Amino acid sequence: MKSLKRITSVFSLLFVLSAPAQVLNKSWKSITEISDENWFASDEAKAIAENVLLYQRNIGGWPKNIEMQKPLSAVEKQQLLDLKSDLHNITTDNGATYQEMIFLSKMYNKAPDERYKKAFLLGLDYILEAQYDNGGWPQFYPLKKGYYTHITFNDDSMVNILNVLKEIMNETDYFSIKPSEETRKKVEMAFYKGIDCIVKTQYKQNGVLTAWCAQHDENTLEPAKARAYELPSLSGKESAKIVLLLMSLENPSPEVILAVNSAYAWFAKVQINGLREERIYNEKHKIIDKKMISDPEASPIWARFMELDTNVPFFCDRDGVKKATIAEIGAERRNGYAWYTNEPKEVMKKYDRWRNKVATELIEKKK
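Residues numbered from 1 in each chain as written. Predicted model: local features only at pLDDT ≥ 70, side-chain atom pairs only at ≥ 80, totals over all residues. Heavy atoms only, no water.

A. Layout of the overall build of the protein chain. Across its full length, the protein chain holds twelve helices and twelve strands. What you see for the protein chain is a C-alpha radius of gyration of 23 Å, in line with the 21 Å of a compact globule of 367 residues. Dimensions of the protein chain along its principal axes, counting C-alpha atoms only, are 75 × 55 × 45 Å. Counting every position in the protein chain, which comprises 367 residues, the buried fraction comes to 47%. Long-range contacts, defined here as pairs at least 24 residues apart, represent 66% of the contacts in the protein chain between residues at least 6 apart. Summing over all exposed atoms, the protein chain offers an accessible surface of approximately 19,000 Å²; the carbon and sulfur share of this is 54%. The protein chain carries 52 positive and 50 negative side-chain charges, and their two centres are separated by 3 Å. (Helix = DSSP H or I, 4+ residues; strand = E, 2+ residues; numbered from the N terminus. Rg over C-alpha atoms; globule rule 2.2 N^0.38 Å. Buried < 20%, exposed > 50% of the residue type's maximum accessible area, 1.4 Å probe, protein only. Contact = heavy atoms within 4.5 Å. Areas by Shrake-Rupley, 256 points an atom, 1.4 Å probe, with all protein chains shown as cover. Lys, Arg positive; Asp, Glu negative; His and termini not counted. Charge placed at Lys NZ, Arg CZ, Asp CG, Glu CD.)

Put into C-alpha cells, the structure is as follows:
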C-alpha cells in the first residue's frame, strides 16, 4: 500500500511539473481557447498576461504571429517597452488583437486586474479607430503601404472583428469586460457599418450576386490583388465565414437576406464533388506533397480561388501565373497553402434552418 501511495505521489508530482510545459507547448490561439476557466487564475496564466500587456502598443493593437506564452528575457522586455509608441506592424491579421482581447477578458474574469481591463478597452478603441468610413477594415492600422490597405476578409480578419463587436453590442456574457454605454453605442454603429460594407462588396457576376474576394479595394470596393499568388477572385474559404456571420444576425434586413440566399446558391453551384486532397508527410509530420485524387465518395470541397466571371478554380505560384491544377505549381506553394476548403459545408448545413426561421419571422411581422 505504501508503495502504491509513493507511486501515486510521484505521478502526481510529474503531472504538476509537466502541466506548465504542456501549456507552453500549445499554440497561442489554443491557449486563448482553453476551456478550463480556473486556469486563467493560475500563476502561469498571469505570467503570460504580463507578456500580452508588454506586446500591446500604445495605440491599442498588437503585432501578429507572436507566441505570447514564450518566456521573455530582461533584454526582450526592455525592447518591447521601447516599442510601445511604435506604429508599425500593428494588425488584426492572423488573429492578432482580437485573440489578445479574448485572453485578457478571460484573465479579468478570474483575476480582475484593472490593467487587463484597461488593455482590453484600449484594444477595442483601436479596432474602432481602424475602421474605414465605408465600414471595412484594413489589414494593418496605422496603414501600411501596399495591398495591406485593402478591406481584408482574408483569414477571416474582418469577420473576427465583427464577431467581437457583436458580442459587445449585444451585451452578452462572452466578454467579462464591459465598456461604457457611450462606447457600446460606437460599437453598434461600427458593427452595422461593417455589415453594410459586406453587403456592398458582394460580387455581382453577370447581374447575379455571388460571394466575396479575400480582399477588396478600399475605395472602389472591387475584388483586389494581395500577394502574387492571391489574385482577384471569388473565395470559397473566406466567403463561408462571412455568410455564417450574416446568418447569425437577428432580424436581418432584406439586403442581408438576399446576400445569404445568393451566396448559398453560389456555394451550391461551385461545389466540387468526387475529389479529395491527399497529403504526404515526412518523418517530422511536415507536408511534403499534396495530390488531388478522384474519389466518388469524397465530401464536397470548394476551391480557395475562382475566376470572377466563370467560377473556374485556379492556382498560382509566386510568379502570379494562373494554373488549372495544383499539380502545375511548385512544391513550396502547392504544399504550403490551403488551395481547397470544406468551410462552406457549415453554410450548407445551417441554411435550411436559417431560411425557415427568417420566413417565420417575416410572417409574424405581417400579422
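B. Representation of the packing of helix H5 (residues 98–110) against helix H6 (residues 114–130). Packing of H5 against H6 leaves a shortest axis separation of 9 Å and a crossing angle of 150°. Considering the angle they form, H5 stands roughly antiparallel to H6. Crossing of H5 against H6: the hand is left-handed. Along its contact with H5, which presents Met101, Leu104, Ser105, Met107 and Tyr108, the element H6 presents Glu114, Tyr116, Lys117, Ala119, Phe120, Gly123, Leu124 and Ile127. Of the residues belonging to the contact of H5 with H6, the class tally is nine nonpolar, two polar and two charged. (Axes fitted to C-alpha atoms, helices over the stretch in contact; angles between N-to-C directions. Parallel < 35°, antiparallel > 145°, perpendicular 65-115°, else oblique. Left-handed = near helix turned anticlockwise from the far one by under 90°. Nonpolar A, V, L, I, M, F, W, Y, C, P; charged D, E, K, R; others polar.)

C. Molecular detail of the packing of aromatic side chains. For the coordinates displayed, the defined rule picks out 20 aromatic pairs. Measuring from centroid to centroid gives 5.9 Å for Phe305 and Trp339, while their planes differ by 75°, and the two rings are edge-to-face. In this pair, Phe305 is assigned in strand E9 (residues 305–306) and Trp339 in the loop between helix H11 (331–335) and strand E12 (340–341), connecting sequence segments 34 residues apart. Take Phe305 and Trp339: they sit in the same class, and that class is buried. Among the aromatic residues, those joined into a cluster by ring pairs are Tyr229, Phe305, Phe314, Phe315, Tyr337, Trp339 and Tyr340. A cation over an aromatic ring shows up here: Lys322 above the ring of Phe314, its NZ or CZ 4.7 Å from the ring centre. Sitting above the plane of the Tyr229 ring, Arg333 keeps its charged end 4.8 Å from the centroid. (Phe/Tyr/Trp six-rings, centres within 6.5 Å; stacked < 30°, edge-to-face > 60°. Lys NZ or Arg CZ within 6 Å of the ring centre and 35° of its normal.)

D. The arrangement of the pattern of salt bridges in detail. Evaluated as defined, the whole model comprises 26 salt bridges. The shortest N-O distance in the salt bridge between Asp156 and Lys241 comes to 3.6 Å. Placement of Asp156 in the loop between strand E1 (151–152) and helix H7 (157–169) and of Lys241 in helix H9 (residues 238–247) is noted, with a sequence separation of 85 residues between them. Of the residues examined, Asp156 reaches a relative accessible area of 8% and is grouped as buried. Close ionic contact of Lys241 with Glu343 constitutes a salt bridge, the shortest N to O distance being 3.7 Å. (Salt bridge = Lys/Arg side-chain N within 4 Å of Asp/Glu carboxyl O.)

E. Structural view of the side chain of Asp289. Counting through the fold element by element, Asp289 comes out in strand E7 (residues 287–294). At 3.2 Å, the side chain of Asp289 and the side chain of Arg334 are in polar contact. Each residue touching Asp289, except ones within four places of it in the same chain, is listed here: Glu278, Arg279, Ile280, Arg334 and Asn335. (Polar contact = N/O pair within 3.5 Å; in protein donor to acceptor, adjacent residues only side chain to side chain.)

F. The arrangement of the pairing of E7 in detail. Summarising the sheet, strand E6 (residues 275–281) and E7 pair through seven bridges and their orientation is antiparallel. Paired with Glu277 across the bridge in E7 is Met292. In sequence, E6 turns back onto E7 through a hairpin of five residues, with His285 there showing a positive phi of about 60°. (Pairing = 2+ DSSP bridges.)

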